[in-house]
Structure formats: structure tokens, C-alpha cells
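Spelled out, the chains give:
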Amino acid sequence: MEQLNIQKLIDGISPLYNSYKQTSRNISGTKALQIMWEIGDLLKKAIEVSGVAPHNLYRQIYGKAEGKENITQKSYITREFLGRSYRIRNIFKNKENIQKDLPNLKSFISFREAMPFFDNEKYILKGEEKEKLLSLLNSDLSPTSVLDKIKLLQSEKIGRKNPRNQKLDELQPQKEIFINFYNYLFYLIKNNDYESVKKEFKDVDISILKTISSNTSALAQEGVKYIEIPESTLDTQWITYLNILNSFSTQINAKERRRFRRLIPPERIVKLAEMIQALTSEDSFKNFKK
């Protein structure tokens with residue numbers, strides 16, 4: 001077995017991952033699958049030559065989480081994303097099969113929910129049932145309608161009931177984005193002085209950072225007025241976080257925000273708000289690090 005060069009693997013995956021994150025809202029499900037297949041192919045080759053177990057490899061690529069010692073943060077490519085990419089690579093033996101089987105897939109989410117029917121031995125569909133599923137995924141129906149039909153299929157084939165935590169499971173992507181962003185800021189502040197950090201935000205209006213901090217605080221409780229965040233020069237890591245923040249802020253019903261606070265404790269949300277506020281001035285930065 002060969003010694004695995006994690007950094008070289010990350011360097012190969014990162015451009016594909018960044019392309020996916022930057023365009024995921026605009027590209028078709030078919031294109032999203034093709035990008036993830038390429039990432040999965042890199043993972044598969046690395047696993048085959050090194051003998052490293054997939055989940056171990058994902059941890060090595062992602063790096064540390066808060067609280068771990070003596071482990072370098074290597075990337076922000078999430079383990080969940082890597083796992084899905086590897087599954088997609090195993091479902092489609094050749095990249096060309098994606099275009100062949102799913103030429104008109106509108107939304108990756110539809111395929112994500114249908115994945116057990118492609119690779120889980122207990123639920124995999126074959127023959128006519130598989131053809132019907134592919135027809136549904138390629139149909140002209142809206143992504144929401146397709147997703148609803150897949151949920152029904154899940155209930156029929158997998159026997160999903162309606163556990164109390166089902167709604168919490170639906171917020172797992174938002175939870176992961178929050179944790180990734182939290183860890184990013186945590187280590188940025190921990191490992192740098194203010195002047196170094198300031199260089200990363202030299203083109204960003206301080207008022208925008210203050211607004212993001214205020215909006216983040218609002219997630220920790222109800223009754224706080226949300227403020228619209230103007231367009232800015234913040235990078236993708238921030239924009240991804242802002243997307244979920246804006247999503248919560250526009251919801252009239254507070255149920256989803258309450259569910260989110262069951263996944264992320266309010267005190268952790270407040271701490272993220274404080275970290276963002278720490279970026280607004282040298283005094284705030286020093287006070288936070290005390």
C-alpha cells in the first residue's frame with residue numbers, strides 16, 4: 001500500500017468542491033452529480049492505493065473540530081459531502097452513466113433523498129421499479145413535487161414513520177454549515193492577531209459585520225428584529241452562512257428557528273455572534289481573546 005499524501009488529495013478535490021459550492025444554486029442536479037462523481041473518483045483511487053478506510057480518510061481531509069488538540073485544520077470540505085461523493089462514485093461506475101440515466105435531473109436534493117434506492121442492499125430498486133424512479137427524477141415536475149413523491153416512496157419502501165426528530169434531521173445541512181463557519185472563525189481568531197485578521201476583511205464595511213453579528217444573536221432567541229444584510233465582498237464561506245441566516249430571518253413561523261436551537265445551543269449561537277463582533281475593531285478583538 002502507498003503512503004497517502006493528504007494535502008495532494010485536498011489540492012485535487014478543492015477546485016471541484018469550490019466549483020460546486022459556488023454554483024450549486026444555479027446548476028442542474030445532473031451537473032452537481034458529475035462534479036461530486038469526480039470528487040468521489042479521487043477518493044476511491046486514494047482508498048484503493050492506501051487502504052485507508054473511507055470515514056478515516058474523510059476525517060483526515062476535513063481536519064480538526066473545536067476542542068481537538070494537536071490536529072491541524074486541513075480543509076473545510078465536510079465529511080458528509082465527501083461521503084456522498086464517494087457513494088455517487090460507487091453508484092455510477094462511469095461518469096457518462098450520470099448523463100445517460102439522469103440527463104434531466106433538476107435538483108441534487110431529489111437524488112440525495114433517493115440514494116438508498118440506488119445503493120442500499122435492503123432498499124435498492126431494480127427493473128421496472130428502478131425505471132419508474134429514474135423517470136420521476138428526470139420528469140418535468142417541480143423539484144418540490146419530485147421530492148414529495150420520493151418521500152412517499154420512502155414511506156412505502158423504507159417504512160419511515162414520523163419520529164420526533166424527523167424535523168430536526170431536515171435541518172442537518174444548516175447545522176453543518178453553522179458548525180463549519182463557527183470553527184472557521186474560532187481558529188481564525190485563535191491563531192492570528194488583529195492586524196492579520198483585518199487583512200482578510202479590508203474590503204468589507206464594518207457595518208456589515210456588525211449587522212451579521214446582530215442577526216446571528218437574533219437566532220438565539222425570539223423577539224429580536226432582523227436587519228437586512230446588503231451585498232458585500234465577503235467570500236464563499238461567509239455567503240454560505242449568510243444564506244441560512246437569511247433563510248431563518250424571513251420565516252414568519254418560528255418553529256424552524258426553535259428546532260435549530262435544539263441542534264445548536266443558544267449559547268453557542270451567541271458566541272458566534274461575539275466572534276463576528278470581535279472582527280469589527282481591535283478593542284473588540286482583544287476583549288474577546290481575553
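About the cut-offs
- Residues numbered from 1 in each chain as written.
- Predicted model: local features only at pLDDT ≥ 70, side-chain atom pairs only at ≥ 80, totals over all residues.
- Heavy atoms only, no water.
- Helix = DSSP H or I, 4+ residues; strand = E, 2+ residues; numbered from the N terminus.
- Buried < 20%, exposed > 50% of the residue type's maximum accessible area, 1.4 Å probe, protein only.
- Contact = heavy atoms within 4.5 Å.
- Phe/Tyr/Trp six-rings, centres within 6.5 Å; stacked < 30°, edge-to-face > 60°.
- Salt bridge = Lys/Arg side-chain N within 4 Å of Asp/Glu carboxyl O.

### Points about the side chain of Lys 44
Here is step 1: Relative to the elements of secondary structure, Lys 44 occurs in helix H2 (residues 29-50).
Here is step 2: Exposure remark for Lys 44: the relative accessible area of 19% places this residue in the buried category.
Here is step 3: Residues within four places of Lys 44 in sequence aside, it is in contact with Tyr 86, Arg 89 and Asn 90.

### Observations concerning the packing of aromatic side chains
Here is step 1: According to the stated counting rule, one finds 15 aromatic pairs in the structure shown.
Here is step 2: Ring centres of Tyr 20 and Phe 81 lie 5.1 Å apart, and the angle between their planes is 55 degrees; this geometry places the pair in the tilted category. Within this pair, whereas Tyr 20 is found in helix H1 (residues 6-23), its partner Phe 81 is found in helix H4 (residues 79-91), the two being separated by 61 residues in sequence. There is no split in this pair, since Tyr 20 and Phe 81 are both buried.
Here is step 3: Ring pairing ties together the aromatic residues Phe 178, Phe 181, Tyr 182, Tyr 184, Phe 186, Tyr 187, Phe 201, Trp 238, Tyr 241, Phe 248 and Phe 260, which thus form one cluster.

### Remarks on the pattern of salt bridges
Here is step 1: Inspection of the entire model under this criterion finds eleven salt bridges.
Here is step 2: With a shortest N-O distance of 2.6 Å, Lys 95 and Glu 38 are connected by a salt bridge. Here Lys 95, found in the loop between H4 and helix H5 (96-101), pairs with Glu 38, found in helix H2; they are 57 residues apart in sequence, far enough to count as distant.
Here is step 3: For Glu 38, a relative accessible area of 28% gives the class partly exposed.
Here is step 4: Of the charged contacts in the structure, one is a salt bridge between Glu 48 and Lys 44, with a shortest N-O distance of 3.9 Å.

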